[in-house]
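Geometric and topological summary
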Amino acid sequence: MVKTKYRNYYEILCPNYPEWLDEYIQTPAMQKQAGISITCGTIYTDLFPDSGFYTSLDHSIGVALIVWNFTHDKKQALAGLFHDIATPAFKHCVDFMNGDYMTQESTEELTTKMIEDSPEIMKLLQRDGIKVPEVDNYHLYPIADNDTPQLSADRLEYSLSNPAFVYPLKTLEQIGNIYRDIEVQQNPEGETELGFRTKTHARELVKLTSKLSVIYRDERTRYSMQLIADILRKMSEDGDISVKDLYEKSEAEIIKSIEKSKYGKTFDTWRKAKKLQRSKTEPKGVYFVNHPAKIRYINPLYRGERISKQCKIAAKAIEKNMAYDMDFYVFLPEIKPF
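Residues numbered from 1 in each chain as written. Predicted model: local features only at pLDDT ≥ 70, side-chain atom pairs only at ≥ 80, totals over all residues. Heavy atoms only, no water.

1. Observations regarding the environment of proline 300
Relative to the helices and strands, proline 300 is located in the loop between strand S4 (288-289) and strand S5 (301-302). Residue class for proline 300 comes out buried when judged on its relative accessible area of 0%. Separated by 106 residues in the primary sequence, proline 300 and leucine 194 place their C-alpha atoms 7.7 Å from one another. In this structure proline 300 touches Pro149, Leu151, Phe196, Ala202, Leu205, Val206, Glu305, Arg306 and Ile307, once residues within four positions along its chain are discounted. (Helix = DSSP H or I, 4+ residues; strand = E, 2+ residues; numbered from the N terminus. Buried < 20%, exposed > 50% of the residue type's maximum accessible area, 1.4 Å probe, protein only. Contact = heavy atoms within 4.5 Å.)

Written out as structure tokens, the structure is:
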């Protein structure tokens, strides 16, 4: 196993670690993901409590391990590993920058190019007799990825790692109890999907992911992601940064560029902020955010049927999650329009 502080977590995801995966993980194209936080930049502001720097690479390894654990298929596991290889600095902030805050998929089209432009990955694929189209689109494999609200390896990984390492809501023991109850099942549409053996653990995942879903799109998150996106856009227009930089540099390097720019004071104000203000009407003379965001939720299988149909508590948790109000204008009085 690659050297990692998340070894105990990875051993939960895949007790029989696939050593062959390490060569792919160590390639420069994958290692670039180690400089990108899974929090889309929110880790850098005091609007959120201190959290761990769980990276896009950590997440991708976790997805690959989940896929391998349930399929033992090298191509599917690699598709899981590569699914975020085209992720830029600040992750989905770039989707916000592109106006894609509802689907957050605007960067995925670069996945094939990133793989093909990596001589190290291409050499390994050729050695293993694997073609790029077999690993550059994890949407091909329902265990790796599927449509919301189904349970896939991608959705499952960040639903386990975030409460363990980013927003401390669960212990590793609790995470393990949820995970070990999962198996491959057939959903009502006749497709393979990860599902639960027991109602208790299916319900627990729904309650957990419903809490996370609100965090992913609450006022702090939407404001932070849009602010970062707008700063990056302005810097790009000013010639202080390029889109290429976002794909080649770490977040730490990009932040240094922001600090040196005329937006450095704005970024610093946001970074030190403790609380946002909100209004039902449009505030004047301040930078504000007022738009919805992608709703991430999971309604997993329990013995082949959606848990919401079999558990009123789970159904209510999903309903409450979906009803979260995103209509408010949110702002920091110190930050003016730019």
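Structure shown, so let's carry the discussion forward.
2. Quick notes on the nonpolar core
Counting 106 residues, the largest nonpolar core has Leu78, Leu81, Phe82, Leu125 and Tyr223 as the members making the most contacts within it. Broken down by element, the residue count for this core peaks at 9 residues, all from helix H4 (residues 56-71). Contact partners of phenylalanine 82, with chain neighbours within four places excluded, come to Tyr24, Met30, Thr111, Ile115, Ile121 and Val135. (Core = buried A, V, L, I, M, F, W, Y, C linked by side-chain atoms within 4.5 Å.)

3. Quick look at helix H16 (residues 312-322)
All of the buried residues in H16 are Ala314, Ala317, Ile318 and Asn321. Angularly, the buried residues of H16 cover 95° about the axis, an arc narrow enough to put them on a single face. Exposed and oriented more than 90 degrees from the buried face of H16 are Lys312, Lys316, Glu319 and Lys320. (Arc of directions from axis to C-beta.)

4. Observations regarding the packing of helix H11 (residues 199-217) against H16
With their axes 9 Å apart at the nearest point, H11 and H16 run at an angle of 5° to one another. With respect to H16, the axis of H11 lies roughly parallel. Contacts between H11 and H16 involve Arg203, Val206, Lys207, Ser210, Ser213, Val214 and Arg217 from the former and Ile313, Ala314, Ala317, Ile318, Asn321 and Met322 from the latter. (Axes fitted to C-alpha atoms, helices over the stretch in contact; angles between N-to-C directions. Parallel < 35°, antiparallel > 145°, perpendicular 65-115°, else oblique.)

5. Observations regarding the sheet that holds strand S6 (residues 305-306)
Taken together, the 4 strands give an open sheet; going across it, the order is S1-S2-S5-S6, and neighbouring strands pair in mixed fashion. With partners counted over all chains shown, the strands left at the sheet margins are strand S1 (182-186) and S6, one partner each. Sheet topology places S1 next to strand S2 (residues 192-196); 5 bridges connect them, and they run antiparallel. Its bridge partner lying in S2, glutamine 185 is registered against glutamate 193. (Pairing = 2+ DSSP bridges.)

6. Some points on helix H14 (residues 251-260)
Of the residues making up H14, those classed as buried are Glu251, Ile254, Ile255 and Ile258. All buried residues of H14 project into a common sector of 100° when viewed along the axis, lining one side. Exposed side of H14, more than 90 degrees from the buried face: Lys256 and Lys260 are the residues found there. Next to the buried residues of H14 lie helix H12 (219-238), helix H13 (243-248) and helix H15 (264-272).

7. Focus on the sheet that holds S4
With respect to topology, 3 strands assemble into an open sheet ordered S3-S7-S4, the strand pairing being antiparallel. Sheet topology places strand S3 (277-279) and S4 at the edges, where each strand pairs with a single neighbour. With 3 bridges connecting them, S3 and strand S7 (residues 329-331) associate as antiparallel partners. Residue glutamine 277 lies in a different strand from S7, and its bridge partner there is phenylalanine 331.

8. Thoughts on the pattern of salt bridges
Tallied over the entire structure, the rule returns 20 salt bridges. A salt bridge links lysine 91 to aspartate 84; the nearest nitrogen and oxygen atoms lie 3.3 Å apart. Among the residues examined, lysine 91 registers a relative accessible area of 7% and is labelled buried. Across the pair lysine 244 and glutamate 248 runs a salt bridge whose closest N-O atoms are separated by 3.9 Å. In this pair, lysine 244 and glutamate 248 are both assigned in helix H13, 4 residues apart and thus about one turn of the helix distant. On the accessibility criterion, lysine 244 (56% relative accessible area) is exposed. (Salt bridge = Lys/Arg side-chain N within 4 Å of Asp/Glu carboxyl O.)

9. A look at unusual backbone geometry
Following threonine 148, the chain continues to proline 149 via a peptide bond in cis, the omega torsion being 10°. Of note, proline 149 is situated in the loop between helix H8 (119-127) and helix H9 (153-166). The backbone phi angle of histidine 72 is positive, close to 50°, even though this residue is not glycine.

10. Structural notes on the environment of isoleucine 241
Position of isoleucine 241 among the secondary structure elements: in the loop between H12 and H13. Along the backbone, isoleucine 241 and threonine 266 are 25 residues apart, and their C-alpha atoms lie at a distance of 17 Å. Discounting residues that sit within four places of it in the chain, isoleucine 241 has contacts with Leu232, Met235, Ser236, Leu246 and Ile254.

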